[in-house]
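# An overview of the molecular structure
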Amino acid sequence: MSASIKLYLPRQVMDSLNCPAGTSPISLGPLEQNSPSSLSRTELVSLFESATEEYLGFVNAPLSSRADLEQLLSHDWDQLREGVGLLPFSDSEYLVKTFQTLPPQAAALSMNPLLQAVILIRKTDFLSLNDLPDSPEQIWQALILLAKQKVSFQLIETENPLTLENNLLSTLPALAPPAPGPDRKWLLDLLRNYHPREDLSSIDSAADATALKAGLLCLHDYLDESHEYSQSVQSQGRHRAGDYWHHIMHRREPDYSNAKYWSRVVGYHPLHDELPAAVAPLFERFAGLSHVAAWQTKLVQNKRWLLNAFVDCCQECEANEDPELNAFAKQVQWVEMLLLLQKTSLDAVSI
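We now turn to the structure provided with this report. As the structure is a computational prediction, the values presented were derived from the model and not from experiment.

This part takes up the overall build of the protein. Broken down by element type, the protein carries 18 helices and nine strands. Relative to the compact-globule value of 20 Å for 351 residues, the protein shows a C-alpha radius of gyration of 21 Å, a close match. Based on the C-alpha atoms only, the size of the protein along its principal axes is roughly 60 × 45 × 35 Å. The 351 residues of the protein split such that 54% are buried. The long-range fraction of contacts in the protein, counting pairs at least 24 apart against all pairs at least 6 apart in sequence, stands at 74%. Looking at the protein as shown, the accessible area adds up to about 15,200 Å², and 47% of this sits on carbon and sulfur atoms. Averaging the locations of the 27 positively and 44 negatively charged side chains of the protein gives two centres separated by 4 Å.

Ranked by size, the top nonpolar core spans 95 residues in total, and within it Phe-58, Phe-126 and Phe-328 carry the most contacts. The dominant element in this core, judged by the number of residues it contributes, is helix α18 (residues 323–349), at 12 residues. Leave out the neighbours within four places in its chain, and Phe-126 touches Leu-44, Val-45, Phe-48, Ile-121, Leu-132, Ala-142 and Leu-146. In terms of nonpolar packing, the next biggest core, distinct from the first, is built from 26 residues, Ile-5, Val-59, Leu-63 and Trp-77 among them.

Right, let's talk about empty space enclosed by the protein for a bit. Per the counting criterion, the structure on display carries one cavity of 30 Å³ or more. By volume, the largest cavity amounts to about 60 Å³. Looking at the largest cavity, the residues that line it are Gln-105, Leu-109, Ile-144, Leu-145, Lys-148, Leu-190, Asn-193 and Tyr-194. Sorting the residues of the lining of the largest cavity by element identifies α5 (104–110) and α7 (138–148) as the ones contributing at least two each. The element contributing the most residues to the lining of the largest cavity is α7, with three residues.

The next point concerns helix α2 (residues 41–50). Within the sequence span of α2, burial applies to Leu-44, Val-45, Leu-47 and Phe-48. Mapping the buried residues of α2 onto a view down its axis gives an arc of 155 degrees, with all of them on the same face. Away from its buried face by more than 90 degrees, α2 exposes Thr-42, Glu-49 and Ser-50. Elements in contact with the buried residues of α2: β1 (5–10), β3 (26–31), β4 (55–58), β6 (117–122), α6 (123–127) and α7.

This part is about the side chain of Lys-213. Structurally, Lys-213 can be placed in helix α10 (residues 206–219). Sequence-distant contacts of Lys-213, that is, excluding residues within four places in its chain, are made with Leu-191, Arg-192, Tyr-194, Pro-196 and Tyr-229.

To continue, consider the packing of aromatic side chains. Applying the stated criterion to the full structure yields nine aromatic pairs. A centroid spacing of 3.9 Å and a plane angle of 15 degrees characterise the contact between Phe-48 and Phe-126, whose relative ring orientation is stacked. With Phe-48 in helix α2 and Phe-126 in helix α6, this pair connects stretches of sequence that are 78 residues apart. Looking at Phe-48, the relative accessible area reads 0%, which means it is buried.

Turning next to the environment of Ser-226. Take Ser-226: it is sitting in helix α11 (residues 223–232). According to the relative accessible area criterion, Ser-226 is buried, its value standing at 0%. Sequence spacing of Ser-226 and Ala-211 is 15 residues, and the spatial spacing of their C-alpha atoms is 8.7 Å. Filtering out sequence-adjacent residues up to four positions away, Ser-226 remains in contact with Ala-214, Leu-217 and Cys-218.

With that settled, the discussion passes to the packing of helix α8 (residues 185–192) against α10. In a packed pair of helices, the relevant descriptors are the angle between the two axes and the axis-to-axis distance. At a minimum axis distance of 10 Å, the contact between α8 and α10 shows a crossing angle of 175 degrees. Classified by the interaxial angle, the pair formed by α8 and α10 is roughly antiparallel. Judged by residue contacts, Leu-188, Leu-191 and Arg-192 of α8 engage Lys-213, Leu-216 and Leu-217 from α10.

So, how was this worked out
Residue indices follow the written sequence of each chain, beginning from 1 at its first position. Since the coordinates come from a predicted model, pLDDT governs what is reported: local features require at least 70, and pairs of side-chain atoms require 80 or more to be given and counted, while whole-chain, interface and lining totals use all residues. Working from all heavy atoms in the structure, the side-chain values ignore hydrogens and water. The way it works is that DSSP assigns letters per residue, a run of H or I at least four long becomes a helix, a run of E at least two long becomes a strand, and they are numbered from the N terminus. The atom set for the radius of gyration is the C-alpha atoms, and the globule formula is 2.2 Å times the number of residues raised to the power 0.38. Under the scheme applied here, a residue whose accessible area is under 20% of the maximum for its type counts as buried, over 50% as exposed, and between as partly exposed, the area being computed with a 1.4 Å probe on protein chains only. Any two residues whose heavy atoms approach within 4.5 Å at even a single point are treated as in contact. Under the convention used here, a 1.4 Å probe and the Shrake-Rupley method define accessible areas, while residue burial counts only the protein chains that appear. Charge counting follows a simple rule: Lys and Arg are positive, Asp and Glu are negative, and His as well as the terminal groups are ignored. Throughout, a charge is located at the NZ atom of Lys, the CZ atom of Arg, the CG atom of Asp or the CD atom of Glu. Here the nonpolar core consists of buried residues drawn from Ala, Val, Leu, Ile, Met, Phe, Trp, Tyr and Cys, with membership extended through side-chain atoms lying within 4.5 Å. Cavities and pockets are found on a 1 Å grid laid over the protein atoms alone: a cavity is a set of points where a 1.4 Å probe fits but cannot escape, a pocket is an open set with protein on both sides within 12 Å along at least five of seven lines, and a lining residue has an atom within 4 Å of such a point. Grid points are joined across faces, edges and corners, and a volume is the space filled by probe spheres set on the points. The directions considered for the arc run from the helix axis to the C-beta atoms. Think of it this way: a Phe, Tyr or Trp ring, Trp meaning its six-membered ring, pairs with another when their centres are within 6.5 Å, and the plane angle makes it stacked under 30 degrees, edge-to-face over 60, tilted otherwise. For helices, the axis comes from a line fit to the C-alpha atoms of the stretch in contact; other axes are also lines fit to C-alpha atoms, and the angle between any two N-to-C directions lies between 0 and 180 degrees. Here roughly perpendicular refers to angles of 65 to 115 degrees, roughly parallel to angles under 35, roughly antiparallel to angles over 145, and oblique to all remaining angles.

Have a look at this one:
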């Protein structure tokens, strides 16, 4: 028997698509906010407390046509069995890989899934979060806390992924970020309280487990905190992941000469062989811009990624403030950091 589900969409979207308030077999609910990301703690808790359905779902992508809605509602929801379900959009391969590879808490901490997937949360699991703290990103925070409570996450498979535009690009980490503001203190607290030993199935390399925490902190722009952990495992780990995160931290600081020093300390890392293929779609996307495309021969030589050439690319972004090159480099950095998180996690548990 399939679970009962209520999907929430902004009222303006429902009105524009002439959506009925109830659509069988899934009911639709209107949000007065422009996005579920804007829900306050009180509003979110109220939705769950008043729900008669087993699951509540949230969509944070633009639905521009009735076909988008029908595509969403036509999915086979019978496979939904876990406390949290994620239905990825068609261009969210790194969300899928992240949740397939990283342990649950690390995956939830690494990114806000609401930007790349439909989120479904079982009512009973959500209501088990006693005294949910306030935050500007209430649903994401709830997902992290549910992972911490060992609530299972499920990637919902489908032959026809939702062809919805994700909201990730505008939120990618900067190449040289400012210190995060107080609105992200909730996330810093969760990152500081993250203990890989409670998350990983087993730990065969303690240095790589520490590097995993360094990576999560670096990913969210907490460079000083990341530095503390990466420095504590200098020259340790299966592939010196801590030194790689140390390199990225200094590149983003930005301290380019120091970043190049730490790339030499890293030596060889398997990502050197994997990044050229992973970044190839970005080179194709920017192929029409000669000043961006010219970096391909600098960044990839003999089918291997050159860390210090990417340091030079980031330095040029800072010097010239070119929007196209900056957009390219930010996407490369995002791919690099997500893949390194995955490698770091696997190195922590594999023999």
